[in-house]
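Chain residues, written in single-letter form:
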Amino acid sequence: MIKIIGSIIAFFIISNLSGQNIELSGGLNRNHYFDWQKSEGHFMSDYTPGSGYCADLSLSDLKYDIFTIKVSFLLDNYKGSFYTEDGGMGGASKTVAEVERTTIGIGIYPLNFSVVSRIYLSFGAEFSYKISDNTNGYKSGWVMYGPTTYMTIENDSMKINKDFVWGISAGAGYALKLSTDWSITPQYKLYLGMSDEFTNTEARIRSLRHNFKIGIIKRINIDRAE
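Notes on the structure in this doc start here.

## Side note on the pattern of salt bridges
Right, on to step 1. Counted under the stated rule, the structure contains ten salt bridges.
Right, on to step 2. For R101, the salt bridge goes to E197, with nearest N and O atoms at 3.2 Å. Of this pair, R101 sits in strand β4 (residues 91–114) while E197 sits in the loop between β9 (182–193) and β10 (206–219), and the two are 96 residues apart along the sequence. Of the two residues examined, R101 and E197, each falls in the buried class.
Right, on to step 3. Here D163 and K130 are joined by a salt bridge, their closest N and O atoms 3.6 Å apart. A residue pair is termed long-range when its members are at least 10 positions apart, and D163 in the loop between β6 (149–152) and β7 (164–174) and K130 in strand β5 (residues 119–143) qualify at 33 residues.

## Concerning the packing of aromatic side chains
Right, on to step 1. Summed over the entire model, instances satisfying the criterion amount to ten aromatic pairs.
Right, on to step 2. Measuring from centroid to centroid gives 5.4 Å for Y188 and F212, while their planes differ by 45 degrees, and the two rings are tilted. A residue pair is termed long-range when its members are at least 10 positions apart, and Y188 in strand β9 and F212 in strand β10 qualify at 24 residues.
Right, on to step 3. Taken together, Y33, Y47, Y78, F82 and F198 form an aromatic cluster joined through their ring pairs.
Right, on to step 4. When the ring centre of Y78 is taken as origin, the NZ or CZ atom of R209, which lies over that ring, is 4.0 Å away.
Right, on to step 5. For R209, the ring lying beneath its charged end belongs to Y191, and the centroid distance is 4.3 Å.

## Observations regarding the environment of I214
Right, on to step 1. On the secondary structure map, I214 appears in strand β10.
Right, on to step 2. Each C-alpha atom of the pair I214 and T185 lies 5.7 Å from the other, and the pair is 29 residues apart in sequence.
Right, on to step 3. Beyond its immediate stretch of four places on either side in the chain, I214 contacts L24, S25, G26, I184, T185 and P186.

## Considering the nonpolar core
Right, on to step 1. Counting residues in hydrophobic clusters, the biggest one holds 15 residues, and the most contacted among them are Y33, F82, I160, F198 and I205.
Right, on to step 2. Secondary structure elements with two or more residues in this core: β3 (67–88) and β4.
Right, on to step 3. Not counting residues up to four positions away in its chain, the partners in contact with I205 are Y33, F34, Y47, F82, T84, S195, D196, E197 and F198.

## Points about the pairing of β5
Right, on to step 1. As judged from the 22 bridges shared by β4 and β5, these two strands associate in the antiparallel manner. Opposite E100, over in β5, you have N134 as the bridge partner.
Right, on to step 2. For β5 and β7, the ladder comprises eleven bridges, and the chain directions are antiparallel. Note on β7: the bridge partner recorded for L121 is A172.
Right, on to step 3. In textbook terms, the turn of a hairpin is the stretch between consecutive antiparallel strands, and for β5 and β6 this stretch comprises five residues, one of which, Y145, has a positive phi near 65 degrees.

## Here we look at unusual backbone geometry
Right, on to step 1. One non-glycine residue, N200, lies in positive phi territory at about 65 degrees.
Right, on to step 2. Assignment of secondary structure puts N200 in the loop between β9 and β10.
Right, on to step 3. A residue is classified by how much of its surface remains accessible, and N200, at 40% relative accessible area, is partly exposed.

## Some points on the environment of G80
Right, on to step 1. Considering the arrangement of structural elements, one finds G80 in strand β3.
Right, on to step 2. Here G80 is in contact with N31, Y33, T48, P49, G50, A97, E98 and V99, once residues within four sequence places are set aside.

## Topic: the side chain of N211
Right, on to step 1. Within the secondary structure, N211 sits in strand β10.
Right, on to step 2. The buried category is assigned to N211, whose relative accessible area is 2%.
Right, on to step 3. Once residues lying within four places of it in the same chain are set aside, the contact partners of N211 are L28, N29, C54, D76, Q187, Y188 and K189.

## Some remarks on a nonpolar patch on the surface
Right, on to step 1. The grouping of L111, F113, V115, V116, I119, F123, Y174 and L176 at the surface amounts to a nonpolar patch, some 670 Å² of accessible area in total.
Right, on to step 2. Contributions of two or more residues to the nonpolar patch are made by β4 and β5.
Right, on to step 3. The residue Y174 is located in strand β7 in this model.
Right, on to step 4. Among the residues examined, Y174 registers a relative accessible area of 35% and is labelled partly exposed.

The rules we used
Residues numbered from 1 in each chain as written. Predicted model: local features only at pLDDT ≥ 70, side-chain atom pairs only at ≥ 80, totals over all residues. Heavy atoms only, no water. Salt bridge = Lys/Arg side-chain N within 4 Å of Asp/Glu carboxyl O. Helix = DSSP H or I, 4+ residues; strand = E, 2+ residues; numbered from the N terminus. Buried < 20%, exposed > 50% of the residue type's maximum accessible area, 1.4 Å probe, protein only. Phe/Tyr/Trp six-rings, centres within 6.5 Å; stacked < 30°, edge-to-face > 60°. Lys NZ or Arg CZ within 6 Å of the ring centre and 35° of its normal. Contact = heavy atoms within 4.5 Å. Core = buried A, V, L, I, M, F, W, Y, C linked by side-chain atoms within 4.5 Å. Pairing = 2+ DSSP bridges. Patch = residues over 30% accessible without salt bridge, like charges linked within 9 Å, V, L, I, M, F, W, Y side chains within 5 Å. Areas by Shrake-Rupley, 256 points an atom, 1.4 Å probe, with all protein chains shown as cover.

Shown next as structure tokens:
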């Protein structure tokens, strides 16, 4: 992940880009873990949402050929708990966990446009790396004619958190002008995870997050010599 972020930073340094806005934003999120599997047969899952916080440092209105690009450096803290169980006639296993994750990452939004003069929309992808987690719970199982197993999560024998995750996102904001160069923007962003958040669980669990933020934007002008 560090190499990916470094490569992207180097790209923007050496590319013929014209930057227009720098933005610092932060706020709260609401995280919902989920899976696409149907609750049928011996499979069951249940998810409880949790709240966290988020912060972004962004460069927007970057002109590259015909594209207007936004790039964000991300900090996300999000929480949630889940119960998953699956098995058959010969045995079954279940996982019960309460998880708080903190990640850093980068968001790249190649689709940016205004609906009216002050409302703007952005669409893109986000790539994040876990820097810490606080995970509590257990995993248990049984097999026919065999012993029942029980182990706590996040000890030396059972870790469930994946380090690297990515997803797609869509954001909307409303610019409130303070002056020619400064504005405040209430924002909403929806993140949909495209990769699994965990391993060694009975379901392929992903994250759906609603972010509510306030941003401060400073318009900048970069003149490049021809």
